[in-house]
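# Structural overview
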Amino acid sequence: AANYCSKCLLNPPPFTFCRGIFHYQLPVNKLITQFKFHARTDIGFTLAELLAREFAKEYTDIPCPQFIVPVPLHRERLRSRGFNQALEICQSIRKTSGIPIAKNLVVKLKRTPPQTQLESAYHRKRNQRNAFFIAKGNNLKSVNHVAIIDDVVTTTATIRSLADTLLRHGVRRIDAWCIARAS
């Protein structure tokens, strides 16, 4: 049986589950910061490999997602950072699982401040509301199951918003995976 936190019991999420392989605390939070903000792709690669192994284990007895979906960055953030850390993580998962990456399925058109700059769950949720859109020309009618991939999940505001967008376009099951999850 699945274990749900009290927040998810009171406000059920639009995804089946959200798994992180680490708690978002020292030293993992510092490693993710190095990967994400200082382009330490060596650290990111190692963390992504660990996630890819757990991801593969999960789907040995149950159907795999049809696609893995990296949480997209707004084009300005992508330009300033130089890479999308979620897409980098997806590359490792794809190599291990063979599941294709839906790299251009979703776009983030709303330019939002980083979630780390917002103090409350309420503000984080508002920040991500209506931030994601299905890219023009994509049809999700035959897509039943996807996995959203991100580096860190704290309040679930980002993945809830992305999952809501995917559900509105016909995806029936959404799993969420991350390197680290806040408790």
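Let me sum up the structure you'll find in this document. (Residues numbered from 1 in each chain as written. Predicted model: local features only at pLDDT ≥ 70, side-chain atom pairs only at ≥ 80, totals over all residues. Heavy atoms only, no water.)

## Points about the packing of helix α3 (residues 41–58) against helix α5 (residues 85–97)
Two elements in contact, α3 and α5, have axes separated by 8 Å at closest approach and are oriented at 45°. Between α3 and α5, the interaxial angle falls into the category oblique. The handedness of the crossing between α3 and α5 is right-handed. In contact with F45, A48, E49, L51, A52, F55 and A56 of α3, α5 contributes I89, S92, I93, T96 and S97. Along the lines of polarity and charge, the residues of the contact of α3 with α5 split into 8 nonpolar, 3 polar and 1 charged. (Axes fitted to C-alpha atoms, helices over the stretch in contact; angles between N-to-C directions. Helix = DSSP H or I, 4+ residues; strand = E, 2+ residues; numbered from the N terminus. Parallel < 35°, antiparallel > 145°, perpendicular 65-115°, else oblique. Left-handed = near helix turned anticlockwise from the far one by under 90°. Contact = heavy atoms within 4.5 Å. Nonpolar A, V, L, I, M, F, W, Y, C, P; charged D, E, K, R; others polar.)

## Notes on α5
What sets the pattern is the α-helix's 3.6 residues per turn: residues three or four places apart point alike. The end-to-end C-alpha separation of α5 is 19 Å, in line with the 18 Å expected for 13 residues at 1.5 Å each. The complete set of buried residues in α5 reads Q85, A86, L87, I89, C90, S92 and I93. Check the buried side of α5 and you find it contacts α2 (28–37), α3, β2 (67–70), α4 (75–81), β5 (145–153) and β6 (173–181). Between a side-chain oxygen at the N-terminus of α5 and the backbone nitrogen of A86 the separation is 2.8 Å; the capping residue is N84. Just downstream of α5 lies G98, where phi reads positive at about 80°. (Expected span 1.5 Å × (residues − 1). Buried < 20%, exposed > 50% of the residue type's maximum accessible area, 1.4 Å probe, protein only. Polar contact = N/O pair within 3.5 Å; in protein donor to acceptor, adjacent residues only side chain to side chain.)

## A word on the state of the cysteines
Counted by the stated rule, this structure contains 0 disulfides. Considering cysteine sulfurs only, C178 is the nearest to C18, which forms no disulfide, with 4.5 Å between them. (Disulfide = S-S within 2.5 Å.)

## Topic: the environment of H23
As for its placement among the helices and strands, H23 is situated in strand β1 (residues 17–23). Remark: the alpha-carbon pair of H23 and A182, spanning 159 residues in sequence, is separated by 5.8 Å.

## A word on the pattern of salt bridges
All told, the structure shown has 5 salt bridges when counted by the stated rule. Here R19 makes a salt bridge to E58, at a shortest N to O gap of 2.8 Å. In this pair, R19 sits in strand β1 while E58 sits in helix α3, placing the two residues 39 residues apart along the sequence. Classification of E58 as partly exposed rests on a relative accessible area of 26%. The closest approach of N and O atoms between R173 and D175, which form a salt bridge, is 2.9 Å. Judged by relative accessible area, R173 falls into the partly exposed class, the value being 27%. A residue is classified by how much of its surface remains accessible, and D175, at 0% relative accessible area, is buried. (Salt bridge = Lys/Arg side-chain N within 4 Å of Asp/Glu carboxyl O.)

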